[in-house]
Amino acid sequence: MSLSLSLSQARRLALAAQGFGRPPRGAIGHRQLRAQIERLGVLQIDSVNALVRSHYLPGFSRLGHYPPELLDELAWGQPRRRALFEYWGHEASLLPLELYPLLRWRMRRAADGQGIYRQLAEFGRQQREVIARVLRSVREQGALGAGSLTTRTERAGPWWDWSAEKHALEWLFAAGEVTVAGRRGFERLYDLPERVIPPAQFEHPELHEDEAQRQLLLRSADALGVATAKDLRDYYRLDAAETKVRIAELVEAGELQHVAVEGWTQPAYCRGEPKLPRRIKASALLSPFDSLIWARERTERLFDFHYRLEIYTPQHKRVYGYYVLPFLHDERLLARLDLRSERAQGRLAVHAVHGEESGLNEDALQALATQLQALASWLGLQRVVLNCRSSEATRLRPLLASDL
């Protein structure tokens, strides 16, 4: 017999699984941040720096004020601190080191020209000499960026106008022949994985891909709380046909159970007997790439919140703004704000505040003001400025201190 959940129960289960509703005690250190990231299982990386690099925001949304250098140390620091590695998880991602053995099959497929961008696969087939030359340079010289290797003389064009050496590094990265040892600004520095990944993970016997996929799906289920098959496979970008088989195996083994969720047309799954929170008390501004909301259709199912990224939409066609963060308050997404870090002026600029139909009551409005001030303080900005004349902004303005 399958379990039945109301929509509000499913929402609370999802929020709890994503680390909301458990405020930290005391100052945030490596241990607390690492535990939070391990709960999520993946941080998506994005290059847009309009507010702050996206991978820093999920920790702030759940833990509050933490030193961003803690994440740098976990991802690219000294071996004794390092707990994360970069690879293709959900898009370009930071992942807990224990997932490294679970993704070796994906690296092997990439080396065979499967599962990576077609352009990279074609490059891998046609440019073996360039790939061998670049790999030899990394082996002999240590951590290198693409800029150190390029032989191109003409000026680079827009994004993705990669040199042959950059293509080679990305192919080697996808195939697991190199990994990211560090960053110079936002530029990746590549090195051999045996010089970066700890022996316990690097030398771990390769799992059969069926078993690795099952373990990834269980991690997805832990991170999502309750999820459809599409939700589960999307978390680590698994193949639909393979996921269908793996889920059936996990259900038969009793590691996943069927769940019927109010209003969902597709069957859902969860781990064991879920512990249902009575209430989730949390307020947070969410990165557009936060794992709670990155699956837009799931966000609509859970929160009745239609959300689309407008970064690449021409300005005159944008509805809500360039870098828009949803506002979570007490189990609902109640507003969205277009935010920008104006670092030279020391201010957090709020270019737009859009409330949902349910509206922002006084408690939610005060929580939003508190979150904006906390975000500005965390970013080292001295004040919050409202460049918006909406009714929500008018109500919000008196609640914001002029200086932090």
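Residues numbered from 1 in each chain as written. Predicted model: local features only at pLDDT ≥ 70, side-chain atom pairs only at ≥ 80, totals over all residues. Heavy atoms only, no water.

### Overview of the sheet that holds strand β8 (residues 257–261)
Judged by pairing direction, the sheet is mixed, and its 4 strands sit side by side in the order β1-β8-β9-β7 without closing on themselves. Each edge of the open sheet is held by one strand with a lone partner, namely β1 (3–5) and β7 (227–228). Strand direction decides the pairing type here: β8 and strand β9 (residues 268–270), joined by 3 bridges, are antiparallel. Looking at the pairing, His258 lines up with Tyr269 of β9. (Pairing = 2+ DSSP bridges. Helix = DSSP H or I, 4+ residues; strand = E, 2+ residues; numbered from the N terminus.)

### A closer look at the sheet that holds strand β3 (residues 84–89)
Overall, antiparallel pairing links the 3 strands, which are arranged β2-β4-β3 in an open sheet. Taken across any chain shown, the strands that pair with only one partner, and hence form the sheet edges, are β2 (43–44) and β3. Across 6 bridges, β3 lies against strand β4 (residues 91–96) in antiparallel orientation. Residue pairing across strands places Tyr87 opposite Ser93, the latter belonging to β4.

### As for helix α7 (residues 128–141)
For α7, built from 14 residues, the straight-helix expectation of 20 Å at 1.5 Å per residue is met to within 8% by its first-to-last C-alpha distance of 20 Å. Three or more residues of α7 are buried, namely Val130, Ile131, Val134, Leu135, Ser137 and Val138. Down the axis of α7, the smallest arc covering the buried residues is 155 degrees, so these residues share one side. What points out from α7, more than 90 degrees from its buried face, is the exposed set Glu129 and Glu140. Along its buried surface, α7 packs onto α6 (118–126), α8 (146–149), α9 (164–174) and β6 (187–191). (Expected span 1.5 Å × (residues − 1). Buried < 20%, exposed > 50% of the residue type's maximum accessible area, 1.4 Å probe, protein only. Arc of directions from axis to C-beta. Contact = heavy atoms within 4.5 Å.)

### Side note on the packing of α6 against α9
Following both chains from N to C, one finds α6 and α9 inclined at 100 degrees, their axes separated by 10 Å at the closest point. For the element pair α6 / α9, the angle class is roughly perpendicular. Contacts between α6 and α9 pair Gln119, Leu120, Phe123 and Gly124 from the former with Ala164, His167, Ala168, Glu170 and Trp171 from the latter. A breakdown of the residues in the contact of α6 with α9 according to their chemical character gives 5 nonpolar, 3 polar and 1 charged. (Axes fitted to C-alpha atoms, helices over the stretch in contact; angles between N-to-C directions. Parallel < 35°, antiparallel > 145°, perpendicular 65-115°, else oblique. Nonpolar A, V, L, I, M, F, W, Y, C, P; charged D, E, K, R; others polar.)

### Brief notes about the packing of aromatic side chains
Under the defined criterion, the tally for this structure stands at 9 aromatic pairs. Geometrically, the ring pair formed by Tyr100 and Phe202 is tilted, given 6.5 Å between the ring centres and 40 degrees between the ring planes. Residue Tyr100 is found in the loop between β4 and α5 (104–111), and its partner Phe202 is found in helix α10 (residues 199–202); the two are separated by 102 residues along the sequence. Exposure remark for Phe202: the relative accessible area of 24% places this residue in the partly exposed category. Joined through ring pairs, the aromatic side chains of Phe60, Tyr66 and Trp378 make up one cluster. The ring of Trp264 carries Arg301 above its face, with NZ or CZ at 4.5 Å from the centroid. Note that Arg336 overlies the ring of Tyr320, its terminal NZ or CZ placed 4.2 Å from the centroid. (Phe/Tyr/Trp six-rings, centres within 6.5 Å; stacked < 30°, edge-to-face > 60°. Lys NZ or Arg CZ within 6 Å of the ring centre and 35° of its normal.)

### What to know about the packing of helix α1 (residues 7–17) against helix α14 (residues 296–303)
Interaxial distance between α1 and α14 falls to 9 Å at its minimum, and their mutual angle equals 125 degrees. As far as their axial angle goes, α14 and α1 are oblique. On the side of α1, the interface is formed by Leu7, Ala10, Arg11, Ala14 and Leu15, while α14 contributes Arg298, Arg301, Leu302 and Phe303. Here the contact of α1 with α14 is built from residues that sort into 6 nonpolar, no polar and 3 charged.

### With respect to the pattern of salt bridges
Applying the stated criterion across every chain, the model contains 32 salt bridges. For Arg108, the salt bridge is made with Glu206, and the minimal N-O distance between the two is 3.1 Å. Separated by 98 residues along the polypeptide, Arg108 in helix α5 and Glu206 in the loop between α10 and α11 (209–224) bring together distant segments of the chain. Residue Arg108 is classed as partly exposed on the basis of its relative accessible area of 36%. (Salt bridge = Lys/Arg side-chain N within 4 Å of Asp/Glu carboxyl O.)

### Quick look at the domain arrangement of the protein chain
Partitioning the protein chain into domains gives domain 1 (3–99 + 205–271), domain 2 (116–197) and domain 3 (308–402). In this structure, domain 2 and domain 3 have C-alpha centres spaced 38 Å apart. (Domains from an automatic or database assignment.)

### Comments concerning the pairing of strand β5 (residues 179–184)
The buried count for β5 comes to 5 of 6 residues, which makes it a mostly enclosed element. Direction of pairing for β5 relative to β6: antiparallel, over a ladder of 5 bridges. Bridged to Gly182 within β6 is Leu189. In this antiparallel pair of consecutive strands, β5 and β6, the connection spans 2 residues, and Gly185 shows a positive phi of 70 degrees.

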